[in-house]
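The chain contents come next:
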Amino acid sequence: MIVDNVFNEAVPSRYRASLLSMISFVESALIGTGYPVLGALMGGLGSSVGRAAYAAVPLPACLLWLPVLYRGARVTTEIEKSAHQKAS
C-alpha cells in the first residue's frame, strides 16, 4: 500500500501502470511463496511457534522504515517539482 502511494505521487503516468503491474506481480509471488513457508514452519516448529516466527517476518521491514519516518523524508511529486522550478 505504501509503495503504491509513493509511486502514484512520484512516477509519471506513462510509466506508472507498468511499474505498478510489476510490483503487484512481485507481491503476489511473495504471498504465494509465503504460504508454503508458513506450512513448513508450522510442520517443523509446531503450530504456535511456526505462526509466531512467520508473524515476525514483517518486523525487520518496520524497523527499517523507522528512520524514514523519523527524518520526515518525503517524495516530491512532478507538480511540486515543476512549481519549484518555475519559482526559481
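No experiment lies behind these values; they were computed from the predicted model shown. (Residues numbered from 1 in each chain as written. Predicted model: local features only at pLDDT ≥ 70, side-chain atom pairs only at ≥ 80, totals over all residues. Heavy atoms only, no water.)

What follows concerns a nonpolar patch on the surface. A cluster of nonpolar side chains, contributed by L59, L63, W65, L66 and L69, occupies part of the molecular surface with about 510 Å² of accessible area. In this structure, L69 sits in helix 4 (residues 58-71). By relative accessible area, L69 is classed as exposed at 54%. (Patch = residues over 30% accessible without salt bridge, like charges linked within 9 Å, V, L, I, M, F, W, Y side chains within 5 Å. Areas by Shrake-Rupley, 256 points an atom, 1.4 Å probe, with all protein chains shown as cover. Salt bridge = Lys/Arg side-chain N within 4 Å of Asp/Glu carboxyl O. Helix = DSSP H or I, 4+ residues; strand = E, 2+ residues; numbered from the N terminus. Buried < 20%, exposed > 50% of the residue type's maximum accessible area, 1.4 Å probe, protein only.)

The subject of this paragraph is the packing of helix 2 (residues 13-45) against helix 3 (residues 47-55). Relative orientation of the contacting elements helix 2 and helix 3 amounts to 140°, with a least axis distance of 7 Å. When the axes of helix 2 and helix 3 are compared, the pair comes out oblique. The handedness of the crossing between helix 2 and helix 3 is right-handed. Contacts between helix 2 and helix 3 involve G34, Y35, L38, L41, M42 and L45 on the former and, on the latter, S47, V49, G50, R51, A53 and Y54. Here the residues of the contact of helix 2 with helix 3 sort into 8 nonpolar, 3 polar and 1 charged. (Axes fitted to C-alpha atoms, helices over the stretch in contact; angles between N-to-C directions. Parallel < 35°, antiparallel > 145°, perpendicular 65-115°, else oblique. Left-handed = near helix turned anticlockwise from the far one by under 90°. Contact = heavy atoms within 4.5 Å. Nonpolar A, V, L, I, M, F, W, Y, C, P; charged D, E, K, R; others polar.)

For the chain, the mean per-residue pLDDT works out to 76, and 74% of the residues sit at or above 70. Here helix 5 (residues 78-87) stands out as the least confident element of the chain, with mean pLDDT 62; helix 2 is the most confident, with 83. (pLDDT = per-residue confidence, 0-100.)

With that settled, consider helix 4. Between its terminal C-alpha atoms helix 4 stretches 21 Å, which fits the 20 Å expected from 14 residues at 1.5 Å a residue. At W65, helix 4 shows its largest kink, close to 25°, and the proline P67 lies no more than four residues downstream. (Expected span 1.5 Å × (residues − 1). Bend = angle between axes of the 7 residues up to and from the residue.)

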